[in-house]
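# Summary of structural features
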Amino acid sequence: MTVEQALKQGRALLKESNIDNYSAEALWLLENRLGINSAGILAKGGAQITPEQEADYDNDLRLRISGVPVQYITGKWDFYGRSFFVGEGVLIPRPETEILAEESLRLIKEKASPVVIDLCAGTGCIGLTVALERPDARVYLVEKYDPALSFLRKNAEGVPNAEIIKGDVLDTAFLKALPLADLIISNPPYIKTGEIPALQREVSFEPETALDGGEDGLEFYRAIAGAGFECPVIVECGEDQGESVKAIFGGGYILRDYFGLDRIVIREGDLK
Ligand code: GLN
């Protein structure tokens, strides 16, 4: 089978199975199996793929059809121009979370050697982006769960200004014992417990611990606000939570995402 035929067949199979983004996803799976990018796929359309590659690709397509998110099949995903390891046990970086990374960088722009803490770090995509964009910063990444920590450790390898701390953000004493920071960043779990069963099929493969923000989805914001950080705090939130999160922090402002939905709350404060 040629590269071009494999792509065509993969797309048809995903489309038939009602995968919305079938065209891009078949391409990503094929790229991943062949170890080439999309330009390579175009350039090598007539080349033959090996029977092993064909079998692996076919297996990937079946997994995708069974509902497994494409990112868990490829084992990596791009965020802010870099590739991060992802897989079962850790939340997949969302494109709208890039706004959180970008705004975080803006907030520490004028500060030399800032200290930054990313709470509920997951893959580490936000905190590690800050660490990599600002080599003079020191970034602490806090995560509680072992499966997520194993991805976080892999992603943080070779990032000298990033340090991982295992801990529970709902534990106020733990939060109060963290190093003094210039900025607290968090994309905590913020889905209401009762809404979790109705989420998209793909999301059900992601860890509930990364999604469940308690009965009203606001549990983690209360914990973070309760720790009394004096520095600026920037958090991601759900599309209907901006005002509630602002109220929990006693003020601040809301930023919206590309769809015009509440996505970020910034509580201003003093840089250390
Ligand atoms: N944005 C994610 C979703 O809608 C939720 C992530 C989170 O709870 N932090 O699936």
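Residues numbered from 1 in each chain as written. Predicted model: local features only at pLDDT ≥ 70, side-chain atom pairs only at ≥ 80, totals over all residues. Heavy atoms only, no water.

## Observations concerning the nonpolar core
Formed by 33 residues in total, the largest nonpolar core has its most connected members in Leu119, Ile184 and Phe229. Those elements that provide at least two residues to this core are strand 3 (115-119), strand 4 (138-143), helix 9 (172-176), helix 10 (219-226) and strand 7 (233-236). Counting 28 residues, the second-largest nonpolar core is a separate cluster that includes Leu107, Cys125, Ala137 and Ala156. (Core = buried A, V, L, I, M, F, W, Y, C linked by side-chain atoms within 4.5 Å. Buried < 20%, exposed > 50% of the residue type's maximum accessible area, 1.4 Å probe, protein only. Helix = DSSP H or I, 4+ residues; strand = E, 2+ residues; numbered from the N terminus.)

## Quick notes on the sheet that holds strand 9 (residues 262-267)
Taken in spatial order, the 7 strands of this open sheet run 5-4-3-6-7-9-8, and their pairing is mixed. The outermost strands of the open sheet, each flanked by one partner alone, are strand 5 (162-166) and strand 8 (253-256). The mean inter-strand angle of the sheet, taken between neighbouring strand axes irrespective of direction, is 20 degrees. The pairing of strand 8 with strand 9 spans 4 bridges and is classified as antiparallel. Opposite Leu255, over in strand 9, you have Ile264 as the bridge partner. The strands touched by helix 6 (residues 97-107) within the sheet are strand 6 (183-186), strand 7, strand 8 and strand 9, with strand 7 carrying the most contacts at an inclination of about 170 degrees. (Pairing = 2+ DSSP bridges. Axes fitted to C-alpha atoms, helices over the stretch in contact; angles between N-to-C directions. Contact = heavy atoms within 4.5 Å.)

## Some thoughts on the site of the ligand
Near the ligand, the surroundings consist of Leu91, Arg94, Asn187, Pro188, Pro189, Tyr190, Ile191, Ala210, Leu211 and Glu236. At 2.9 Å from a nitrogen atom of the ligand is found a side-chain nitrogen or oxygen belonging to Asn187. Pro188 is positioned such that a nitrogen or oxygen atom in its backbone is 2.7 Å from a nitrogen atom of the ligand. Here the ligand, which alone exposes 300 Å², has 87% of that area covered by the protein. Grouping the amino acids of the shell around the ligand by side-chain chemistry returns 7 nonpolar, 1 polar and 2 charged. (Near = heavy atom within 4 Å. Polar contact = N/O pair within 3.5 Å; in protein donor to acceptor, adjacent residues only side chain to side chain. Areas by Shrake-Rupley, 256 points an atom, 1.4 Å probe, with all protein chains shown as cover. Nonpolar A, V, L, I, M, F, W, Y, C, P; charged D, E, K, R; others polar.)

## Quick word on the packing of aromatic side chains
Here the distance between the centres and the angle between the planes together describe a pair of aromatic rings. Scanning the entire structure with this criterion turns up 2 aromatic pairs. With 4.9 Å between their ring centres and 80 degrees between their planes, Trp28 and Trp77 make a pair best called edge-to-face. Here Trp28, found in helix 2 (residues 22-34), pairs with Trp77, found in strand 1 (residues 76-79); they are 49 residues apart in sequence, far enough to count as distant. Aromatic side chains Phe79 and Phe84 sit 6.3 Å apart centroid to centroid with 80 degrees between the ring planes, which places their arrangement in the edge-to-face category. Side by side, Phe79 and Phe84 carry an identical accessibility label, which is buried. Its end group placed over the ring of Tyr140, Arg138 keeps NZ or CZ at 5.6 Å from the ring centre. Of note, Lys154 hangs over the ring of Phe85, and the distance from its end group to the ring centre comes to 4.4 Å. (Phe/Tyr/Trp six-rings, centres within 6.5 Å; stacked < 30°, edge-to-face > 60°. Lys NZ or Arg CZ within 6 Å of the ring centre and 35° of its normal.)

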